[in-house]
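Listed below, chain by chain, are the residues.
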Amino acid sequence: MTAPIDPLAATRAWVETFVVDRDVCPFAGREVARDTVRYVAVPASDREAALLTLFDACRHLDETPGVETTLLVLTEGLEDFDDYLDLLAIAEALLDEQGYEGIYQLASFHPDYVFADAEPEDPANFTNRSPFPMWHLLREAGLERGLAHHPDPAGIPERNIALMRELGHEALSDVLARLRG
């Protein structure tokens, strides 16, 4: 019998071997090297508790300027992509309501992520696919600084889509499957 996969270890491996190594996020490598990425496991079967953990993460960022970003790995309860999107919408609305608009941004990742204008099998979806459902809470000021120093910020999404399509759906599916054990 194999041991269950550690969602935080799988997510960290995904960040290092997929996001950073493929330069999907041109800013991630610096933060990984500086160890300013915080990883938090969040059981999402209790939706209210998951949302409270999101605000705990906001407060942690408020109090810890040395942490640039937090990955909230939703370890259980949001395996269905539509359920994930429903809770994401609530989380985003609550962030705005609590005065965090313009301070923190919530990026979304899910193993079955599909962009609204894409087919499920389009490799472009892998720009937002991760081993586990995840909320990426990042500082808007840090993102703005990174974008200001990037030679082509508008070209990042197009470059990533082209890369994903070049790699192909099967190869990318295999990467995620390996990370999930």
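Summary of the structure given here. Every value quoted in this text rests on a predicted model; they were computed, and no experiment measured them.

Some points on helix H1 (residues 7–20)
Compared with the 20 Å implied by 1.5 Å per residue over 14 residues, the 18 Å span of H1 between its first and last C-alpha is a close match. Every buried residue of H1 is accounted for by Pro7, Ala10, Thr11, Trp14, Val15, Phe18 and Val19.

Here's the deal with the packing of H1 against helix H7 (residues 169–179)
If you want to describe how two helices pack, look at the angle between their axes and the distance between the axes. At a minimum axis distance of 9 Å, the contact between H1 and H7 shows a crossing angle of 145 degrees. When H1 is examined against H7, the residues Ala10, Ala13, Trp14 and Phe18 are found in contact with a partner set consisting of Leu172, Val175, Leu176 and Leu179. In terms of residue class, the contact of H1 with H7 is made up of eight nonpolar, no polar and no charged.

Here we look at unusual backbone geometry
The backbone of Asp23 shows a phi angle near 55 degrees, a positive value even though the residue is not glycine. With respect to the helices and strands, the residue Asp23 is situated in the loop between H1 and helix H2 (28–34). The residue Asp35 is not glycine, and still its phi comes out positive at about 60 degrees. With respect to the helices and strands, the residue Asp35 is situated in the loop between H2 and strand S1 (37–43). When its relative accessible area of 59% is taken as the criterion, Asp35 is described as exposed.

Thresholds applied
Residues numbered from 1 in each chain as written. Predicted model: local features only at pLDDT ≥ 70, side-chain atom pairs only at ≥ 80, totals over all residues. Heavy atoms only, no water. Helix = DSSP H or I, 4+ residues; strand = E, 2+ residues; numbered from the N terminus. Expected span 1.5 Å × (residues − 1). Buried < 20%, exposed > 50% of the residue type's maximum accessible area, 1.4 Å probe, protein only. Axes fitted to C-alpha atoms, helices over the stretch in contact; angles between N-to-C directions. Contact = heavy atoms within 4.5 Å. Nonpolar A, V, L, I, M, F, W, Y, C, P; charged D, E, K, R; others polar.

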